[in-house]
Amino acid sequence: NLLDVLKFNSTNDFVIHLGDITAKGPHSNELVTRFAKEGVLGVRGNNDQKVIEWYAWFEWVKSHENGDLFLHALFGQHITPAQAKSQKLWKTLKYSYPKDWDWGGDHWNVARNLSPDDYQYLSSLPIVIHLPSLHTFMVHAGLLPMDPAHHLRSGVQPLAHAPESLPEDPTAEDIERARNKQELSLLTEIAPNRDPYIKLNIRDVHDLEPTRRGPEDHEDNVPWSDLWNSVIKRCRGFNSTDAVSKPESIQGVGDVSVNRLRKPLPCHPITVVYSHASGRGLDLKKWSKGLDTGCVNGDGLTAMVLGKGRHKPHPPRKEFAWPNDDDDERDVEVPFGEHMRARLVSVSCPTPPPIDFSKKPKK
């Protein structure tokens with residue numbers, strides 16, 4: 001419905017999804033099949049990762065003698081391997097899986113109905129996409145702008161120094177190349193950003209360290225996007241001086257934004273577009289755009305449209321109160337990046353019916 005509202009045309013338009021296209025409704029397998037056939041680009045979500053892991057486990061079991069028979073017996077009798085062992089259906093149980101995996105759950109069910117081609121598509125999704133022309137990262141959960149193990153203005157921080165390859169008298173092309181190099185260094189030189197689990201699951205930071213816990217678990221937790229914007233707003237271009245200085249004590253995001261980041265950094269702004277945090281709804285900050293408006297809960301599904309042409313924004317229908325207003329469709333224009341505007345379009349989602357786990361797996 002959202003693509004119809006956008007008048008999506010595969011000849012002129014390009015779609016990038018933000019992950020969690022599985023285990024978020026009753027039609028996960030059909031959606032993966034459609035995206036795989038159409039070659040839709042996107043990033044991997046934490047729920048997609050769990051489906052990938054279950055599918056890989058099934059294939060590992062099948063690689064053993066009689067492994068396929070073992071799985072079909074479990075599926076047919078609706079029991080777990082542990083139950084099979086306790087009921088002495090097998091004398092020995094050589095197939096184990098992590099204790100925190102949910103046998104018979106959403107991810108398990110999607111994985112056992114996944115075709116090889118659909119698995120190939122899902123497992124080929126990158127964890128982060130860099131769009132150099134937009135100076136933007138697409139990621140499911142989030143990124144950090146600094147390594148919490150070092151002070152922000154330390155020379156080891158990617159944004160604390162201009163790339164060494166930048167000439168003394170750079171052209172516009174030199175600056176663009178340097179910007180892209182510095183942006184990519186965030187993925188390689190910041191330790192948490194090298195961890196796929198962080199990029200798939202981060203919600204908050206606590207004492208600058210990434211955590212999945214919410215504010216209800218610790219009052220000092222803040223969204224990672226607050227830290228991102230506190231740092232990125234200090235990027236004033238590669239000509240910024242006095243960027244690397246003596247170590248400074250940083251205790252929390254409040255200190256970062258108020259006391260510790262008054263000096264400019266030799267970098268250019270970078271935007272992150274992400275999903276994952278449906279509890280926060282549409283979370284729009286200057287340098288981060290959270291687009292998860294809770295479709296899985298029956299709220300809204302939101303797209304951000306970038307580019308010129310026929311995607312003309314319409315005037316806002318009311319105050320920005322997504323996804324709690326009553327419009328079936330919502331359409332508004334917002335700032336994006338340094339000099340751009342983006343169109344946000346949202347459609348209402350029906351309350352999803354319960355998932356039918358009695359569906360038989362594909363042969």
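Please read all numbers here as calculations on a predicted model, not as lab measurements.

Let us look at the overall build of the protein. The helix and strand tally for the protein stands at eleven helices and 13 strands. The 363 residues of the protein split such that 48% are buried. In the protein, 66% of the contacts between residues at least 6 apart in sequence involve partners at least 24 apart. Here the protein has roughly 19000 Å² of accessible surface; of this, 51% comes from carbon and sulfur atoms.

Where helix α3 (residues 46-62) contacts helix α7 (residues 116-124), the axes come no closer than 10 Å and their chain directions differ by 135°. When the interaxial angle is binned, α3 and α7 end up oblique. Here α3 and α7 pass one another in a crossing that is left-handed. Where α3 abuts α7, its residues Asp48, Val51, Ile52, Tyr55 and Ala56 lie against Pro116, Tyr119, Leu122 and Ser123.

Read from one edge to the other, the open sheet built from three strands follows the order β6-β5-β7, with strand pairing classed as antiparallel. Both outer strands of the open sheet, β6 (209-211) and β7 (222-223), are each paired with one neighbouring strand and no more. For strand β5 (residues 204-206) and β6, the ladder comprises three bridges, and the chain directions are antiparallel. Each bridged residue has a counterpart across the sheet, and for Asp204 the counterpart in β6 is Thr211.

Taken in spatial order, the five strands make up an open sheet running β3-β4-β8-β10-β9, and their pairing is mixed. The open sheet has two edge strands, β3 (128-131) and β9 (283-285), and neither has a second partner. The average angle at which neighbouring strand axes cross in this sheet is 15°, direction not considered. Pairing of β3 with strand β4 (residues 136-139), which is carried by four bridges, proceeds in the antiparallel orientation. By the bridge assignment for β4, Val128 is matched with Val139.

Moving on to the side chain of His17. Within the secondary structure, His17 is located in strand β1 (residues 16-17). For His17, the side chain forms a polar contact with the side chain of Tyr121, separated by 3.1 Å. Sequence-distant contacts of His17, defined by excluding residues within four places in its chain, comprise Phe35, Val40, Leu41, Gly42, Val43, Tyr121 and Leu125.

On to the pairing of strand β11 (residues 300-305). For β11, the tally of buried residues reaches five of six residues, placing the bulk of the element in the interior. Bridging between β11 and strand β13 (residues 340-348) involves six bridges; their strand directions are antiparallel. Along β13, the bridge assignment pairs Ala303 with Val345.

Below, the discussion takes up the pattern of salt bridges. Per the stated rule, a full pass over the model turns up nine salt bridges. Here Asp204 ties to Arg280 by a salt bridge, and the two come within 2.4 Å at their closest N and O atoms. Of this pair, Asp204 sits in strand β5 while Arg280 sits in the loop between β8 (271-274) and β9, and the two are 76 residues apart along the sequence. Taking the relative accessible area as the measure of exposure, Asp204 reaches 0% and is therefore buried. Linked by salt bridges that have partners in common, Asp226, Asp283 and Lys285 make up one network.

A word on the packing of aromatic side chains. Between two aromatic rings, the relevant description is the distance of the centres plus the angle of the planes. Under the definition given, this model contains 18 aromatic pairs. Note on Trp224 and Trp228: the rings are 6.5 Å apart at their centroids and 80° apart in plane angle, and the pair reads as edge-to-face. Here Trp228 and Trp224 lie together in helix α10 (residues 224-232), a separation of four residues that amounts to about one turn. Here Trp224 falls in the buried class, since its relative accessible area comes to 2%. A cation over a ring is seen here: Arg112 above Phe75, with NZ or CZ 5.0 Å from the ring centre. Lying across the ring of Trp287, Lys286 places its NZ or CZ 4.9 Å from the centre.

As a further point, take the state of the cysteines. For the structure on display, the rule yields two disulfides. Covalent S-S linkage joins Cys295 and Cys349, the inter-sulfur distance amounting to 2.1 Å. Torsion about the S-S bond of the Cys295 and Cys349 cystine: about -110°, corresponding to left-handed handedness. With Cys295 in the loop between β10 (288-290) and β11 and Cys349 in the segment after β13, the pair connects residues that are 54 residues apart, well separated along the chain. On the basis of relative accessibility, which here comes to 11%, the residue Cys349 falls in the buried class.

Reading guide: rules and limits
Residues numbered from 1 in each chain as written. Predicted model: local features only at pLDDT ≥ 70, side-chain atom pairs only at ≥ 80, totals over all residues. Heavy atoms only, no water. Helix = DSSP H or I, 4+ residues; strand = E, 2+ residues; numbered from the N terminus. Buried < 20%, exposed > 50% of the residue type's maximum accessible area, 1.4 Å probe, protein only. Contact = heavy atoms within 4.5 Å. Areas by Shrake-Rupley, 256 points an atom, 1.4 Å probe, with all protein chains shown as cover. Axes fitted to C-alpha atoms, helices over the stretch in contact; angles between N-to-C directions. Parallel < 35°, antiparallel > 145°, perpendicular 65-115°, else oblique. Left-handed = near helix turned anticlockwise from the far one by under 90°. Pairing = 2+ DSSP bridges. Polar contact = N/O pair within 3.5 Å; in protein donor to acceptor, adjacent residues only side chain to side chain. Salt bridge = Lys/Arg side-chain N within 4 Å of Asp/Glu carboxyl O. Phe/Tyr/Trp six-rings, centres within 6.5 Å; stacked < 30°, edge-to-face > 60°. Lys NZ or Arg CZ within 6 Å of the ring centre and 35° of its normal. Disulfide = S-S within 2.5 Å.

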